[in-house]
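# Secondary and tertiary structure notes
As a plain string of letters, each chain reads:
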Amino acid sequence: MDASHVADDLESVILTEEQILARVGELAAELHERFGSRTPVLVGVLGGAATFTVDLARAYPGQVEIGWMAAKSYSTGNRASGSLRLLKDLDIDITGRDVVIVDGVIDTGLTMSWLIANLAQREPASITVCALLRKPETAHVEAGTPTYVGFDVGEGLIVGYGLDHEGHYRNLRCAAVLAPAVYAARRGRRVAPHGRT
Ligand SMILES: O=P(O)(O)OC[C@H]1O[C@H](OP(=O)(O)OP(=O)(O)O)[C@H](O)[C@@H]1O
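Conventions used here
- Residue positions are given per chain, counting from 1 as you read along its sequence in written order.
- Per-residue local features of the predicted model are confined to residues with pLDDT of at least 70, and side-chain atom pairs are confined, for both listing and counting, to 80 or more; whole-chain, interface and lining totals are unaffected and use all residues.
- Each side-chain value is worked out from all heavy atoms of the structure, with water and hydrogens disregarded.
- Put simply, a residue is near a molecule or strand once any heavy atom of it comes within 4 Å of that molecule or strand.
- Between N or O atoms, a polar contact is any pair within 3.5 Å; within protein, one atom must be a potential hydrogen donor and the other a potential acceptor, and residues adjacent in sequence are included only when both atoms are from side chains.
- The protein chains shown are the only cover counted for residues, whose accessible areas, like all others here, come from Shrake-Rupley with a 1.4 Å probe.
- The numbering of helices and of strands both runs from the N terminus, where a helix is a DSSP run of H or I of at least 4 residues and a strand a run of E of at least 2.
- Note on residue categories: nonpolar means Ala, Val, Leu, Ile, Met, Phe, Trp, Tyr, Cys or Pro, charged means Asp, Glu, Lys or Arg, and polar means any other residue, Gly included.
- At least two bridges found by DSSP between two strands is the condition for calling them paired.
- Lines fitted to C-alpha atoms define the axes, with helix axes restricted to the stretch in contact, and inter-axis angles between N-to-C directions lie between 0 and 180 degrees.
- Note on contacts: a residue pair qualifies if any of its non-hydrogen atoms lie within 4.5 Å across the two residues.
- Definition used in this section: a nonpolar core is a set of buried Ala, Val, Leu, Ile, Met, Phe, Trp, Tyr and Cys residues joined via side-chain atoms within 4.5 Å.
- Partly exposed describes any residue whose relative accessible area lies between the buried limit of under 20% and the exposed limit of over 50%, with all areas from a 1.4 Å probe on protein chains only and scaled to the type maximum.
- Residue-level confidence of the predictor is summarised by pLDDT, bounded by 0 at the bottom and 100 at the top.
- Salt-bridge detection follows one rule: a side-chain nitrogen of Lys or Arg within 4 Å of a carboxyl oxygen of Asp or Glu.

### Structural notes on the site of the ligand
Around the ligand there are 15 residues in total, and Asp103, Thr108, Gly109, Thr111 and Asp164 lie nearest to it. A distance of 2.8 Å is found between an oxygen atom of the ligand and a backbone nitrogen or oxygen belonging to Asp107. Note that an oxygen atom of the ligand is positioned 2.7 Å from one of the side-chain N or O atoms of Asp164. In isolation the ligand offers 490 Å² of accessible surface; the protein chains occlude 77% of this area. Those elements giving two or more residues to the shell around the ligand turn out to be β2 (41-46), β5 (98-106) and α4 (110-120). Sort the elements by how many residues they give to the shell around the ligand and β5 lands first, with 3 residues. A class-by-class count of the residues in the shell around the ligand yields 5 nonpolar, 5 polar and 5 charged.

### Details of the sheet that holds strand β3 (residues 65-73)
If you walk across this open sheet you meet the 6 strands as β4-β3-β2-β5-β6-β7, and the pairing is mixed. The two strands at the open ends of the sheet, each matched to only one other strand, are β4 (84-88) and β7 (147-152). In this sheet, adjacent strand axes meet at a mean angle of 25 degrees when their direction is disregarded. Note that β3 and β4 share 4 bridges and pair antiparallel. Residue pairing in the sheet places Ser73 in a bridge with Leu84 of β4. Helix-sheet contacts for helix α1 (residues 17-35) involve β5, β6 (126-134) and β7, and the interaxial angle to β7 is about 165 degrees. Packed on one face of the sheet, α4 meets β2, β3, β4, β5 and β6 and runs near 165 degrees to β5.

### Here's the deal with the nonpolar core
In a soluble, globular protein the nonpolar side chains are often hidden away together inside. By size, the foremost hydrophobic cluster in this structure holds 26 residues, and its most contacted members are Leu31, Phe52, Leu56, Cys130, Leu132 and Leu133. No other element matches α1, which puts 6 residues into this core. Judged by nonpolar contacts, the second largest core, of 20 residues, contains Val45, Leu84, Ile116 and Val129.

### Points about the confidence of the model for the protein chain
Caution is warranted with low-pLDDT regions, since their predicted coordinates should not be read in detail. With 88% of its residues at a pLDDT of 70 or more, the protein chain has an overall mean of 91. Predicted confidence is poor over residues 190-197, with pLDDT under 50, and the contacts of this stretch with residues over four places away or in other chains come to 16 contacts.

### So, the environment of Leu10
In this structure, Leu10 sits in strand β1 (residues 10-15). The buried category is assigned to Leu10, whose relative accessible area is 12%. Once residues lying within four places of it in the same chain are set aside, the contact partners of Leu10 are Ala3, Val159, Leu172, Ala176, Val177, Leu178 and Ala179.

### With respect to the pattern of salt bridges
Summed over all chains, the structure comprises 10 salt bridges. Taking the shortest distance from any N to any O, the salt bridge between Glu26 and Arg23 comes out at 2.8 Å. Of this pair, Glu26 and Arg23 both sit in helix α1, 3 residues apart, which is roughly one turn of that helix. The class for Arg23 is buried, based on a relative accessible area of 16%. The shortest N-O distance in the salt bridge between Asp164 and Arg170 comes to 3.5 Å. Take Asp164: its relative accessible area is 25%, and that puts it in the partly exposed class. When its relative accessible area of 32% is taken as the criterion, Arg170 is described as partly exposed. One network of salt bridges, in which partners are shared, links Arg23, Glu26 and Glu30.

Written out as structure tokens, the structure reads:
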């Protein structure tokens, strides 16, 4: 979807489709340099990384396998524990394999650090992180895990290129900061975002 359809909901477009795809190509090349002739398993984190994972795999100048995981944070009370609930497990045996965890955004880092710990128990040969976006507060990501990042971004809720707000905007081709008024309004259920009721 073109951003003009939801322009009123967006504070600013921070990355165009062209900028994203150019960087995805660079990330794919950097990962290929790392793995050479080995075939890594790209583990896409659903749903925010679906678009990114597919584009990264298609830009990868070698063989990859693709698998998917989904995990959800518990309610606020348990979130501080850093624990997530597994909604969908990987259906590839990663024992002895090179794994790349692919996510659309690292924000607090809780999701990524939980996934690293979860996948490490399966005795892969290596774990690498690849995130399209990284927010400023990422204190929870495991130190020592090789990490490839597309863009360091600022605060603000980012939507598009797979990232959502309450299920919407994932099909935007660009990445944009959602206007605070939209999510404030949605929280209070007073005003619907542009184009919806
Ligand atoms: O670093 P964190 O603070 O843990 O946040 C990052 C995670 O949050 C989002 O997923 P979300 O749980 O919103 O699910 P979704 O991908 O289905 O939107 C995003 O896609 C990352 O997986």
